[in-house]
Amino acid sequence: MAKKIKKSDMDEQLLDSIFKLENEWKHISSLLEQSIDQPVHAVNREALAQANYLFLLREARHRKVSAMSFR
């Protein structure tokens with residue numbers, strides 16, 4: 001029998017992913033700002049991290065998930 005997944009557990013995982021991606025995106029962005037010669041793969045990685053972060057934010061908004069509800 002399949003285990004039923006709770007909405008609150010999925011929402012919490014979504015928020016964790018959002019915070020992790022935000023930190024990754026900001027970290028890569030910070031490194032690129034300090035860099036004289038920006039490698040193409042680093043610029044692509046930053047764009048990918050930003051796109052993933054924004055996608056998850058839209059998903060959270062669609063699901064009506066707020067970080068305040070999990071504190």
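The model shown is predicted, which means the values in this text are computed figures rather than measured ones.

A. Here's a closer look at unusual backbone geometry. For K64, which is not glycine, the phi torsion reads 60° and is therefore positive. Here K64 lies in the segment after α2 (40–63). On the basis of relative accessibility, which here comes to 74%, the residue K64 falls in the exposed class.

B. Summary view of the packing of helix α1 (residues 7–34) against α2. Contact geometry of α1 with α2 gives a least axis separation of 9 Å together with a crossing angle of 150°. Between α1 and α2, the crossing angle belongs to the class labelled roughly antiparallel. Our pair here, α1 against α2, has a crossing hand that is left-handed. For the contact of α1 with α2, the per-class residue count stands at 14 nonpolar, four polar and eight charged.

C. Region of the structure containing the environment of Q13. Here Q13 is to be found in helix α1. Sequence separation between Q13 and L54 is 41 residues; the distance between their C-alpha atoms is 16 Å.

D. Spatial organisation of the environment of N23. For N23, the location among the structural elements is in helix α1. Residue class for N23 comes out exposed when judged on its relative accessible area of 52%. Taking the C-alpha atoms as reference, N23 lies 18 Å from H41; in sequence the two are 18 residues apart.

Cut-offs applied
- Residues numbered from 1 in each chain as written.
- Predicted model: local features only at pLDDT ≥ 70, side-chain atom pairs only at ≥ 80, totals over all residues.
- Heavy atoms only, no water.
- Helix = DSSP H or I, 4+ residues; strand = E, 2+ residues; numbered from the N terminus.
- Buried < 20%, exposed > 50% of the residue type's maximum accessible area, 1.4 Å probe, protein only.
- Axes fitted to C-alpha atoms, helices over the stretch in contact; angles between N-to-C directions.
- Parallel < 35°, antiparallel > 145°, perpendicular 65-115°, else oblique.
- Left-handed = near helix turned anticlockwise from the far one by under 90°.
- Nonpolar A, V, L, I, M, F, W, Y, C, P; charged D, E, K, R; others polar.

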